Structures are given as structure tokens and as C-alpha cells.
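Residue-level structure breakdown
Read off the chains here:
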Amino acid sequence: QRCEDLRASSLEVCHVLDAALTEVETSSSLLLCGEPGTGKSTLARAIHAAHRYPGRPFVHSFLGAASGTGWFAERIHDAQRGTLFLHGLSLAPSDVRHGMLTALDRGLHEDLQVRVITASTRSIGELTSNPSLVASDLLGRLSQVVLELPPLRRRGEDIVPAFEAALAREALRLGREPFGRPSSL
């Protein structure tokens, strides 16, 4: 059932989803790694939605557009008692990374009860082997749990459900009725 909710049917993705959903009630920071389009944002929202306290804030921000040492602390405050999802980890400017490390060291996210989930299109191997992307001390704080999402090309059975989900989201955004599945598929 959990796999159906996220429109995934491949065994590999179901294992990732099960691992993610076991972390729902913990305060561990999560790092989601995977190529663009693998479902990192969808997975972060599913983890947030599965928490026992529905209705809490879900703040989604792109690190590549962030600036200033106080940026991360502001997002933590915005997400108080909820989830802060940051994508583009390896694209964060150095001043933002410094501010993130400072806020995490001070325990600001714990004080305000914020679950921090970050995402990167780089693998954990790439991130750990290249400290110019993300300093190891910051990476360690953001990756208490690492989940690697397999690329869509390795899970062909997920392509049609992912496409249907994207069509349905776009139809809803446009105020239209989502299409049913064509009989030829």
C-alpha cells in the first residue's frame, strides 16, 4: 500500500520507501540522493505526511538560491514543529553552508522540533569523496540516515505510474479533471 501511494511498484523503490517510513517517528536528519526525477521531493512529502502529527508545516526550499548565514535559521523558524526540506545540497553557497553548520551545532532544529530532510542529485559517495561540495562535518549532521533513490531508467515499471501522477497533478493545477488510463497501456 505504501508503494502505491507514491506511485512506485519496483521492488528497489519499495525497499527505499519502507526504510524511509521506518524513520517517520525519529528525529534523525535524512539525506535523499538520486538523479533528477527520481522522487526525492515526493518521498520527503510522504515522510512528512506520515508523521503522527498531521497539519504541521512543510517548508521546501532550494539551497542553490539561498544566501546569507542566517538563511537556514530563518527556514528552521518557518518550519517550527514540522519538516524542512532542502534540495540542491551540493549547490548551497559557502555562507549558507556555514550558517547551516552553526545552527545545527547549536541544536536550533531540535529546540524548534524541526525534522531536516536534504536532497542531492549527487550520490553519497560523490558527496563524501569531494569535500568542496559539502564539508564532512555538515554532511555528517545532515545525513544521519541516507536513502539512495534508483534512477528511473533502472525501474521501467515505475515510468507509467510516475507519468500518470504528473499528468494528474498538472490537471488539478489547471482545474481540469484528471484523465483515466488509456486502454492501450
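Here the structure is a predicted model, which means the values were calculated and not measured.

A closer look at the nonpolar core
Burial of nonpolar side chains together is a common tendency in soluble globular proteins. Ranked by size, the top nonpolar core spans 28 residues in total, and within it L63, F72, I76, L84, L89, M100 and L127 carry the most contacts. Counting residues per element, the ones that place at least two in this core are β1 (30-33), α4 (71-78), β3 (83-87), α5 (94-105) and α8 (136-142). Counting residues per element, this core draws most heavily on α5, which supplies five residues. Grouped together as the second largest cluster of nonpolar side chains are 18 residues, L21, L30, A44 and L147 included.

Here's the deal with α4
Among the residues of α4, those classed as buried are W71, F72, R75 and I76. Buried residues of α4, seen end-on, are gathered within an arc of 140° and therefore sit on one face of the element.

Things to note about the packing of helix α2 (residues 11-22) against helix α3 (residues 40-49)
One way to put it is that α2 packs onto α3 with a least axis distance of 9 Å and a crossing angle of 40°. For the element pair α2 / α3, the angle class is oblique. Crossing angle aside, the handedness with which α2 passes α3 is right-handed. Contacts from V16, L17, A20 and L21 in α2 reach L43, A46 and I47 in α3. Taken together, the residues of the contact of α2 with α3 break down into seven nonpolar, no polar and no charged.

Overview of the sheet that holds strand β4 (residues 115-120)
Here we have five strands laid out as an open sheet, ordered β2-β3-β4-β1-β5, and parallel in their pairing. Every other strand in the sheet has two partners, leaving β2 (58-62) and β5 (145-148) as the edge strands with one partner each. Pairwise comparison of adjacent strand axes, ignoring direction, gives a mean angle of 20° for this sheet. Looking at chain direction, β1 and β4 are connected through four bridges and run parallel. Considered in β4, the bridge of C33 is made with S120.

Details of the packing of aromatic side chains
This structure, assessed with the given rule, holds one aromatic pair. Between the aromatic rings of F58 and F85, the centroid separation amounts to 6.2 Å while the plane-to-plane angle is 25°, which identifies the pairing as stacked. Of this pair, F58 sits in strand β2 while F85 sits in strand β3, placing them 27 residues apart in sequence. The class of F58 is buried, set by a relative accessible area of 18%.

Parameters and conventions
- Numbering of residues starts from 1 in each chain and follows the order in which that chain's sequence is written.
- Local features are withheld for residues below a pLDDT of 70 in this predicted model, meaning they are given only at 70 or higher, and side-chain atom pairs are given and counted only at 80 or more; totals for whole chains, interfaces and linings count all residues.
- Just so you know, side-chain values use all the structure's heavy atoms and leave hydrogens and water out.
- Residue types Ala, Val, Leu, Ile, Met, Phe, Trp, Tyr and Cys, when buried and joined through side-chain atoms within 4.5 Å, form a set referred to as a nonpolar core.
- Each residue gets one of three labels from its accessible area relative to the maximum for its type: buried under 20%, exposed over 50%, partly exposed in between, using a 1.4 Å probe on protein chains only.
- To qualify as a helix, a DSSP run of H or I must reach at least 4 residues; to qualify as a strand, a run of E must reach at least 2; elements of each kind are numbered from the N terminus.
- It is the directions from the helix axis to the C-beta atoms whose arc is reported.
- Angular values range over 0 to 180 degrees, each being the angle between N-to-C directions of two axes fitted as lines to C-alpha atoms, with helices fitted over their stretch in contact.
- Working definition: roughly parallel below 35 degrees, roughly antiparallel above 145 degrees, roughly perpendicular at 65 to 115 degrees, and oblique for all remaining angles.
- Crossings are classed by handedness, with left-handed meaning an anticlockwise turn of the near helix from the far one by less than a right angle and right-handed meaning a clockwise turn.
- The contact criterion used throughout is that any non-hydrogen atoms of two residues lie within 4.5 Å.
- Gly is put with the polar residues, along with every residue not named as nonpolar or charged; the nonpolar set is Ala, Val, Leu, Ile, Met, Phe, Trp, Tyr, Cys and Pro, and the charged set is Asp, Glu, Lys and Arg.
- Following DSSP output, two strands are said to pair if at least two bridges run between them.
- Pairing of aromatic rings covers Phe, Tyr and Trp, the last through its six-membered ring, and needs centres within 6.5 Å; plane angles under 30 degrees mean stacked, over 60 mean edge-to-face, and all others mean tilted.

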